[in-house]
Amino acid sequence: DGGITQSPKYLFRKEGQNVTLSCEQNLNHDAMYWYRQDPGQGLRLIYYSQIVNDFQKGDIAEGYSVSREKKESFPLTVTSAQKNPTAFYLCATTDGTGRNQPQHFGDGTRLSIL
Amino acid sequence: KQEVTQIPAALSVPEGENLVLNCSFTDSAIYNLQWFRQDPGKGLTSLLLIQSSQREQTSGRLNASLDKSSGRSTLYIAASQPGDSATYLCAVKGVSSGDKLTFGTGTRLAVRP
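Residues numbered from 1 in each chain as written. Chains lettered and ligands numbered in written order. Predicted model: local features only at pLDDT ≥ 70, side-chain atom pairs only at ≥ 80, totals over all residues. Heavy atoms only, no water.

Here's the deal with the overall build of chain B
Along chain B, the regular secondary structure elements total zero helices and eleven strands. Going from the N terminus to the C terminus, chain B shows its helices and strands as β-β-β-β-β-β-β-β-β-β-β. Principal-axis analysis of the C-alpha atoms gives chain B an extent of 45 × 30 × 20 Å. Residues counted as buried form 43% of the 113 residues belonging to chain B. The contacts in chain B between residues at least 6 apart in sequence include a share of 55% that link residues at least 24 apart. For chain B, the computed accessible surface area is about 5200 Å², with 47% contributed by carbon and sulfur atoms. One way to put it: in chain B the 11 positive side-chain charges average out to a point 4 Å from where the 9 negative ones average out. (Helix = DSSP H or I, 4+ residues; strand = E, 2+ residues; numbered from the N terminus. Buried < 20%, exposed > 50% of the residue type's maximum accessible area, 1.4 Å probe, protein only. Contact = heavy atoms within 4.5 Å. Areas by Shrake-Rupley, 256 points an atom, 1.4 Å probe, with all protein chains shown as cover. Lys, Arg positive; Asp, Glu negative; His and termini not counted. Charge placed at Lys NZ, Arg CZ, Asp CG, Glu CD.)

The structure is reproduced here in structure tokens:
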């Protein structure tokens, strides 16, 4: 989706290191989401934010942190407390007007452990 | 807790064949169901969204149906092409889950030339 930019495309983390994944959108969407995708599993929600300066934990928030200081940006930090961070991370957005708006996705960041 | 299942996990068909992908969900109290396509190493592309009050949605060669009472949706692809090869995922937005989607694990489709 051209309106959502995730960077970097590939990221490597050393033991004990925190890393931050970037998600920027120019769709003027209110809601933003972070998902984790592992082989053979569906997408699992890490954190989501429906408005600036507010965010909620998803199903697997432990070992992750987020911030939402600007409408356009929703960075995800994978902390050293996340013991199994190797996965494909996807950022998504939704227009906040109504329940029946589709989710739009970025192209993902693949995180691996060195 | 909502659970979404997609069967089969993988499917291989010859070019030109019409095919149906299946999605089932356990809690029929939903706002909508969305079908996505995912190419290898890429994000998800939204194909169709069916609201709970609708029975089907169409876009080009794609037709998605929804039977909320039985907890089932199908994605029909007409005259399949090699370019349709991808993983197809369905996701439901449940009434009890707010703005969150629950995803199935996907069906990996290969269309042989």
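Back to the text.
What to know about the interface of chain A and chain B
Opposite the 23 residues of chain A that make contact, chain B presents 20 residues. Buried area between chain A and chain B, both sides added, is near 1800 Å², and the carbon and sulfur share of it is 51%. If you look at where chain A meets chain B, you find zero salt bridges. Taken together, the elements giving at least two residues each to the side of chain A that touches chain B come down to β4 (31-37), β5 (44-51) and β9 (87-94) of chain A. Here the side of chain A that touches chain B is built from residues that sort into nine nonpolar, nine polar and five charged. (Buried area = accessible area lost by both parts, 1.4 Å probe. Salt bridge = Lys/Arg side-chain N within 4 Å of Asp/Glu carboxyl O. Nonpolar A, V, L, I, M, F, W, Y, C, P; charged D, E, K, R; others polar.)

Looking at the sheet that holds strand β7 (residues 64-66) of chain A
Residues and elements named next belong to chain A. Strand order in the open sheet made by the four strands is β1-β3-β8-β7, with antiparallel pairing throughout. Each of the sheet's edge strands pairs with one partner strand only, and the pair in question is β1 (4-7) and β7. This sheet shows a mean twist of 20° between the axes of neighbouring strands, independent of strand direction. Two elements, strand β3 (residues 19-25) and strand β8 (residues 76-78), share three bridges in a ladder whose sense is antiparallel. (Pairing = 2+ DSSP bridges. Axes fitted to C-alpha atoms, helices over the stretch in contact; angles between N-to-C directions.)

Description of the nonpolar core
Residues and elements named next belong to chain B. Ranked by size, the top nonpolar core spans 22 residues in total, and within it Leu33, Trp35, Leu75 and Ile77 carry the most contacts. Broken down by secondary-structure element, the contributors of at least two residues to this core are β3 (19-25), β4 (30-38), β5 (44-51), β7 (62-67), β8 (72-77), β9 (86-94) and β11 (107-112). Beyond its immediate stretch of four places on either side in the chain, isoleucine 77 contacts Glu17, Asn18, Leu19, Leu21, Arg61, Leu62, Asp84, Tyr88 and Leu109. (Core = buried A, V, L, I, M, F, W, Y, C linked by side-chain atoms within 4.5 Å.)

Focus: the pairing of strand β6 (residues 56-59) of chain B
Pairing of β6 of chain B with β7 of chain B involves four bridges; the strand directions are antiparallel. By the bridge assignment, threonine 58 of chain B is partnered in β7 of chain B with asparagine 63 of chain B.

Quick look at the side chain of serine 80 of chain B
All names here are of chain B. In this fold, serine 80 is placed in the loop between β8 and β9. Within the structure, serine 80 has its side chain in polar contact with the backbone oxygen of glutamate 17 (distance 2.8 Å). Excluding anything up to four places from it in sequence, serine 80 contacts Val13, Pro14, Glu15, Gly16, Glu17, Leu19, Arg61 and Val111. (Polar contact = N/O pair within 3.5 Å; in protein donor to acceptor, adjacent residues only side chain to side chain.)

Side note on the sheet that holds β3 of chain B
Residue and element names in this part refer to chain B. Taken in spatial order, the five strands line up as β1-β3-β8-β7-β6 in an open sheet, and their pairing is antiparallel. On the outer flanks of this sheet lie β1 (4-7) and β6, each paired with one strand and no other. Within this sheet the neighbouring strands show an average axis-to-axis angle of 15°, counted without direction. One ladder, built from six bridges, connects β7 with β8; its direction is antiparallel.

Quick word on the pairing of β3 of chain B
All names here are of chain B. Here β3 shows a clear split, with Leu19, Leu21, Cys23 and Phe25 buried on one side and none of Val20, Asn22 and Ser24 buried on the other. Alignment of β3 against β8, held across six bridges, turns out to be antiparallel. What sits directly across from leucine 21, in β8, is leucine 75.

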